[in-house]
Amino acid sequence: MKNEIIDEFKETGAVVVGSGVAGMVTALKLSPIPVLLVTKSGIGEGSSSYLAQGGVAVAVGADDSPELHSVDTESVGKGLSDDRIVRIITESAPEEVKWLADIGVRFDRDESGHYSLGKEGAHSRRRILHAHGDRTGCELVRALRSAVRKSPHIKIIENNSAADLVKTDGRITGVILRKGDGGWLSLKSDNTVLATGGIGSIYRQSTNPVESTGDGLAMAFRAGVRLADMEFVQFHPTALLSDQKPLPLLTEALRGEGALLVDDKGRRFMKDIHALLELAPRDVVARAIWDRGQDNSQVFLDCTPIWNAEFPSRFPTVMSNCSVAGLDPSRDLLPVVPAAHYHIGGIFTDSDGRSSVPGLWACGEAAATLIHGANRLASNSLLEALIVGGRVAGSIKDTCEGTSLGTEPQESLTALTGEVFPGIREKVAGIMWEKVGVLRSEESLRTALAELDELNEALGEGLSEEMNIITVGRLIARSALIRRESRGVHYRTDYTESDPMWDKHICLEGDVTGTVRSGSDSMEVMK
Ligand code: FAD
Ligand code: SIN
């Protein structure tokens, strides 16, 4: 193993891992603190942020308010959203979106110059800001990347993967990187931020980039950091059924404009399921489509009712994904399947992104701020990444006195081998999809845990991406087994109702399992 120390960052600087919206916003707002921005592939690439389509939910319409946005957020959260963080995010949204416009994000506007507002499932108002139609993520990443490249306080390290955290005397003091050339690099910092995104690619069917393997969560767990809500994995109802990987998304904004879901007999089956029809909460629509798939019947998205001359410029990503699949939305029905899309759980943080261990912050999809509760309202996650990323930077700047970390080389918590284990990824993806997916039960979860344990034993002790994937899979399955009820995106076929005794969050911290109530950080240990 080769250890290098980056001395100039060891006392007052910050390491930010991940270059999606959360990581780039944090890095920019940390100015003038020197920042090392580490990312697995190219800057802004390999991120869900880049793929985002629908947009950013912000209450800016004349008939809207942050209060209404909060009510919608908490209503889908099914009693588990923390109302304090919900309020912080919905209230600061208009101002933070102005910051995005100031750094050069060009949101779409109507003829009178007002933001053009889209609609998505379970929103009571039109409040989704978008850019270049459904290329919102592309535009956000373009503007943020350009600002990052121009910022002298940020040094970018591309094509390097954070592999493990370093912990000294109960504090996170840096991170070990696996370099693109196979070597190892040790970074020291008082302030480490994990903005490593989601976990979708540990599932067979996912809309997430292959980089979304939950590395940040696995690293944090190994370092004894508290995780929460791991069982809550959101499945998007309408990924386009195709051979592409990740599965292309057919944005919910299509249904917001009036696209219909039909079965293979042309029936609008959502009529029998929910009063909001195609715009019912995501978990409801995803389960309805999943159920039809079990009877070997195919579900389609019908965009013909909303086809018009503007469709190609409003939905350019949809157009190009359909074209790759040989489909034409002006006349063809588009076959859809649910796909792992967003992880609500993650590193348990306060509203400033502080984790349970000093020296470590988290934001974006890697964090569990508890805003989303048991289900996430569409287009609330870019917003969360933007706002909490800024708050992490503020909190680091407020506390950044600089503790002296010394000059000794730092050791990883785990043996460094960097081995690759062919085939493991596919096996885990199959287990997660079939047994820890849209529907779960005690039987499926226990089988999944046994199978994941077996794969884990085959790996041995050394650090690897496969180790992270298995760790995260086990933590999701373990939490899903503990929550003996159905709520939001977590659906147990053996406990199909919500149970008030589970109005709380499940936390995992090493061998300790506990629960916390929304709005509190004191953990009650479970026996
Ligand atoms: P990401 O954007 O995923 O960035 C994570 C970064 O960390 C990446 O750069 C990744 O390469 C890097 N990384 C990962 N592991 C490591 C490691 N070990 N070392 C170094 N770097 C690492 N949300 C909305 O609000 N509105 C939408 O319209 C919307 N549309 C979506 C469409 C799609 C297809 C998908 C997949 C998601 C969508 N979401 C949307 C969800 C939203 O995009 C994400 O939740 C959000 O972008 C997460 O931002 P992030 O910065 O936390 O993570
Ligand atoms: C979409 O455009 O359907 C995705 C929006 C989101 O996940 O928030």
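Residues numbered from 1 in each chain as written. Chains lettered and ligands numbered in written order. Predicted model: local features only at pLDDT ≥ 70, side-chain atom pairs only at ≥ 80, totals over all residues. Heavy atoms only, no water.

Novice: I'm lost on the packing of aromatic side chains in this one. Help?
Specialist: Working definition: an aromatic ring pair is given by the centre-to-centre distance plus the angle between the planes. This structure, assessed with the given rule, holds 6 aromatic pairs. Aromatic pair Trp-290 and Trp-433: ring centres 5.5 Å apart, planes at 65 degrees, arrangement edge-to-face. Remark: Trp-433 occurs in helix α12 (residues 424-435) and Trp-290 occurs in helix α8 (residues 282-294); sequence separation between them is 143 residues. Judged by relative accessible area, Trp-290 falls into the buried class, the value being 14%. Overall, Trp-433 belongs to the buried group, its relative accessible area being 6%. One aromatic cluster in this structure is built from Tyr-203, Phe-235, Trp-290 and Trp-433. (Phe/Tyr/Trp six-rings, centres within 6.5 Å; stacked < 30°, edge-to-face > 60°. Helix = DSSP H or I, 4+ residues; strand = E, 2+ residues; numbered from the N terminus. Buried < 20%, exposed > 50% of the residue type's maximum accessible area, 1.4 Å probe, protein only.)

Novice: Even after reading the chapter, I still don't get the pairing of strand β14 (residues 299-302), so can you show me in this structure?
Specialist: Along a regular strand, successive side chains alternate from one face of the sheet to the other. The side-chain alternation of β14 yields two buried faces, one formed by Val-299 and Leu-301 and the other by Phe-300 and Asp-302. The sheet contact formed by strand β13 (residues 260-262) and β14 spans 3 bridges and is antiparallel. Note on β14: the bridge partner recorded for Leu-260 is Asp-302. The pairing of β14 with strand β15 (residues 334-343) spans 3 bridges and is classified as antiparallel. Note that in β15 the partner of Leu-301 across the bridge is Leu-334. (Pairing = 2+ DSSP bridges.)

Novice: Sorry if this is basic, but what is going on with unusual backbone geometry here?
Specialist: As a rule of thumb, non-glycine residues mostly have phi less than zero, and peptide bonds are mostly trans rather than cis. The omega angle of the peptide bond from Ser-31 to Pro-32 is 5 degrees, so this bond is cis rather than trans. In this fold, Pro-32 is placed in the loop between α1 (21-29) and β2 (35-38). Cis geometry marks the peptide bond from Lys-245 to Pro-246; its omega dihedral reads -5 degrees. Secondary-structure assignment places Pro-246 in the loop between β12 (233-240) and α7 (252-257).

Novice: Any chance you could explain the site of ligand 1 here in plain terms?
Specialist: Around ligand 1 lies a shell of 39 residues, among which Ser-49, Gly-55, Asp-215, Glu-365 and Ser-381 are the nearest. Within the backbone of Val-21, a nitrogen or oxygen atom sits 3.3 Å from an oxygen atom of ligand 1. Gln-53 has a polar backbone atom sitting 3.3 Å from a nitrogen atom of ligand 1. Take the shell around ligand 1: its biggest share by element is 3 residues, from helix α2 (residues 48-51). Grouping the amino acids of the shell around ligand 1 by side-chain chemistry returns 11 nonpolar, 22 polar and 6 charged. (Near = heavy atom within 4 Å. Polar contact = N/O pair within 3.5 Å; in protein donor to acceptor, adjacent residues only side chain to side chain. Nonpolar A, V, L, I, M, F, W, Y, C, P; charged D, E, K, R; others polar.)

Novice: How do you make sense of the domain arrangement of the protein when you look at a structure like this?
Specialist: Quite often, the size of an interface is put as the accessible area lost when its parts meet. Split by domain assignment, the protein resolves into domain 1 (3-232 + 344-399), domain 2 (253-339) and domain 3 (424-514). For domain 2 and domain 3, the distance between their C-alpha centres works out to 29 Å. With both chains or domains summed, domain 2 and domain 3 bury close to 600 Å², and 75% of this area falls on carbon and sulfur atoms. Among the residues domain 2 hides against domain 3, the three largest losses belong to Asp-283, Arg-287 and Trp-290. Together they make up 79% of the total. The tally of links between domain 2 and domain 3 comes to 0 salt bridges. If you list the elements that add at least two residues to the side of domain 2 that touches domain 3, you get α8 and β15. Take the side of domain 2 that touches domain 3: its biggest share by element is 4 residues, from α8. A class-by-class count of the residues in the side of domain 2 that touches domain 3 yields 3 nonpolar, no polar and 3 charged. (Domains from an automatic or database assignment. Buried area = accessible area lost by both parts, 1.4 Å probe. Salt bridge = Lys/Arg side-chain N within 4 Å of Asp/Glu carboxyl O.)

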